[in-house]
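# Report on the structure
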Amino acid sequence: MDPVIIVQIIIASILGAGLYTLIGIAPGTDETAVLAPVTIALVLLGFSPYVILAFFISAIVAKKLTDSIPVAVAGIPGGVMSAPMVEHAMTLKEHGLPDHSIKKMSSGSVIGTLVAIPLSFIVGSLIIPYADTISEHSGLIFTLGAVLLALLAKNKLLSLLIIIPFGILLQGLQHLYWGLDVIPEDTSIFVSFFLGITIGPIVISLIELIDKNHRDSLPFLGKKEIQIKNTKKEKGLPNPIKILDKHETGSSAFGSIIGTFTFFLTPVGMTVFIGEFMTRHVKDPVKRASRALATMDGVTNASYISGTLIPLIAIGLPMSPMAIGPAAGLFNAPPEFTPEHNIHHLLTPVEMLTVSVIGAGVALLITYYIIIRYAQNIVRFVFKHIPHEALIGLFSGLVVMLAFMDAGLLNIFGTLLVALVAGLLYKNGVNYGVMFMVLYAAPWLLGLF
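All values reported here derive from a predicted model rather than from experimental measurement. All residue numbers refer to position in the chain's written sequence, counted from 1. Reporting of local features is limited, given that this is a predicted model, to residues whose pLDDT is at least 70; pairs of side-chain atoms are given and counted only at 80 or more, and all residues count toward the totals for whole chains, interfaces and linings. The side-chain numbers reported here are obtained from all heavy atoms of the structure, hydrogens and water having been left aside.

## Details of helix H15 (residues 246-261)
With 16 residues, H15 extends 23 Å from end C-alpha to end C-alpha; this agrees with the ideal 22 Å at 1.5 Å per step. In this scheme, a residue with accessible area under 20% of its type's maximum is buried, one over 50% is exposed, and one in between is partly exposed, where area comes from a 1.4 Å probe on protein chains only. Put simply, DSSP H or I for four residues or longer makes a helix, DSSP E for two residues or longer makes a strand, and each gets a number counted from the N terminus. Those residues of H15 that fall on the buried side of the exposure criterion are Glu-248, Thr-249, Ser-251, Ser-252, Gly-255, Ser-256, Gly-259 and Thr-260. For H15, the buried positions fall inside an angular range of 165 degrees around the axis, keeping them on one side. N-capping of H15 is provided by Asp-245, with a side-chain oxygen placed 3.0 Å from the backbone N of His-247. Expected helix span is computed as 1.5 Å times (number of residues minus one). Arc definition: directions from the helix axis to the C-beta atoms. Polar contact is defined as a pair of N or O atoms within 3.5 Å, subject to the rule that within protein one atom must be able to donate a hydrogen and the other to accept it, and that residues adjacent in sequence are counted only when both atoms are side-chain atoms.

Encoded structure:
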């Protein structure tokens, strides 16, 4: 690999780690909403695939390391994947151990990263011989994936019922654009509709606020006070093996292995299942909470990394909830990346391994060190000076820009329509995974009719 490329990879990794260390601490930042638009923007701006992959791997590792902090400090999930950890983090907070939570979660996350990267390449290599068969039946696989995720959703019946109607909406907009000559018939819209689904819940919340009666019905909470307890600073380079005891290390490593092999299942579901299953026998509440947090954070990191790398190495198609969500830009961001021309085709498995190791290594060295030593200072800065609304505005503006780039002014309204429908569905128990799978499956599925 060219030395200039390696330098670019390191710089991209540093930028990804730095940016998402701050974003991860901001409460409520959904992984898909904050990762997918930036990744897609980098692809469309023409950055090297080495740089894009390094940035993404570094960003996801940093994000998963830091989203444990608002959970431990305030009981507020830093992202969707940290939501299952709130109960255990609050147990430790009640015992005066919020710093203990941060250290256990971030250390478990390091274990998950170290396990997932090499194991993902082993699993990906085993799948490669079947890649052509999988690709030939990708439409059917995406449809079955939508059905499977619908059966795992909160509102199973609605999730199953909307598969075909939601596909009609997406394909109907495509045909409308073709019929009006907004885009050529040999092109399709993907980025806009994907991001429309991503910001759906935000759009619904904003639209509801327009209604005065709804605004008046909302409780007025005033300023929320968050107390941050001073803790002793760590000295030297932190070592996760020393922070975790042998049971926590083993549980986190084993959970990460399971999370890697089940990359095609919903990461949230596997995090809850594995975390609770492996700690339910522990009677002491503090020990149980500590082990659960370390295990769960290991599983989340392993699920995210394997869900990105295994499909990327083996197939080049997004065959996991992670790949069709936050990592979608690595697989499909027309016109730069398409299912037939993306990082899978541009980088060899060895190059992907090298880039992933550098990206993850830089993020661990920077973010893990910062978390263990300066978590309190960062928490104070983020909670005081970075409003949640600013992040929402930033990523919503990026979505509007990309929608305009995709198909002009009309597509901004088309994307808004997709966002409104997606937001209503999400609010009523249909998860992102079902809608993303339908986005991929719609051409094949509606072709059956």
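Structure's up, so let's keep going.
## Let's talk about the pattern of salt bridges
When a carboxyl oxygen of Asp or Glu lies within 4 Å of a side-chain nitrogen of Lys or Arg, that pair is called a salt bridge. For the structure shown, the criterion picks out 2 salt bridges. A salt bridge links Lys-104 to Glu-248; its shortest N-O distance comes to 2.7 Å. Within this pair, whereas Lys-104 is found in helix H6 (residues 98-127), its partner Glu-248 is found in helix H15, the two being separated by 144 residues in sequence. The two residues Lys-104 and Glu-248 agree in class, both being buried. Note that Lys-427 is salt-bridged to Glu-208, the shortest N-O span being 2.2 Å. Within this pair, whereas Lys-427 is found in helix H22 (residues 388-427), its partner Glu-208 is found in helix H12 (residues 200-210), the two being separated by 219 residues in sequence.

## Digging into helix H11 (residues 191-198)
Counted residue by residue, H11 has 8 buried out of 8 residues, so it is predominantly covered. Three or more residues of H11 are buried, namely Val-191, Ser-192, Phe-193, Phe-194, Leu-195, Gly-196, Ile-197 and Thr-198.

## Remarks on the packing of aromatic side chains
Between the rings of Phe, Tyr and Trp (Trp by its six-membered ring), a pair exists once the centres lie within 6.5 Å; its type follows the angle of the planes, with under 30 degrees stacked, over 60 edge-to-face, and the other angles tilted. Applying the stated criterion across every chain, the model contains 3 aromatic pairs. Summarising the aromatic geometry, the rings of Tyr-177 and Phe-193 are spaced 6.5 Å apart at their centres and angled 35 degrees between planes, so their arrangement reads as tilted. Linking Tyr-177 in helix H10 (residues 163-179) with Phe-193 in helix H11, this pair joins segments that are 16 residues apart in sequence. Of the two residues, Tyr-177 and Phe-193, both sit in the buried class.

## So, unusual backbone geometry
Backbone phi values are negative for most residues with the exception of glycine, while trans is the configuration of most peptide bonds. Along the chain, Pro-334 connects to Pro-335 via a cis peptide bond; the corresponding omega equals 5 degrees. With phi around 60 degrees, Asp-181 is a residue other than glycine that occupies positive phi space. Mapped onto the elements of the fold, Asp-181 is located in the loop between H10 and H11.

## What to know about a nonpolar patch on the surface
Patches in this entry comprise residues that are over 30% relatively accessible and not in a salt bridge; like charges within 9 Å are linked, as are nonpolar side chains (Val, Leu, Ile, Met, Phe, Trp, Tyr) within 5 Å. Here the accessible surface of atoms and residues is derived via Shrake-Rupley with a 1.4 Å probe, and residues count as covered only by protein chains that are part of the display. On the surface, a nonpolar cluster with roughly 720 Å² of combined accessible area is contributed by Leu-140, Leu-144, Ile-164, Ile-168, Trp-444, Leu-448 and Phe-449. Residue assignment for the nonpolar patch shows that the elements contributing at least two residues are helix H8 (138-152) and H10. In this fold, Ile-164 is placed in helix H10.

## Comments concerning the layout of surface pockets
Unfilled space is identified by rolling a water-sized probe across the atoms. Grid points spaced at 1 Å and placed over the protein atoms alone form the basis of the search, with a cavity being a set where a 1.4 Å probe fits but cannot get out and a pocket an open set showing protein on both sides within 12 Å along at least five of seven lines. Lining residues have an atom within 4 Å of a point. Grid points are joined across faces, edges and corners, and a volume is the space filled by probe spheres set on the points. Empty space within the second largest pocket amounts to approximately 870 Å³. Lining the second largest pocket are 38 residues, with Ser-188, Phe-190, Asn-332, Pro-334 and Pro-339 sitting closest to its centre. Of all elements in the fold, only helix H7 (131-136), H8, H10, H11, helix H20 (343-346), H22 and helix H23 (432-447) reach the threshold of two or more residues within the lining of the second largest pocket. Counted by class, the lining of the second largest pocket contains 23 nonpolar, 11 polar and 4 charged residues. The residue classification treats Ala, Val, Leu, Ile, Met, Phe, Trp, Tyr, Cys and Pro as nonpolar and Asp, Glu, Lys and Arg as charged. All others, Gly included, are polar.

## Describing the environment of Val-268
Within the fold, Val-268 resides in helix H16 (residues 267-277). Along the sequence, Val-268 and Met-296 sit 28 residues apart, while their C-alpha atoms lie 9.5 Å from each other.

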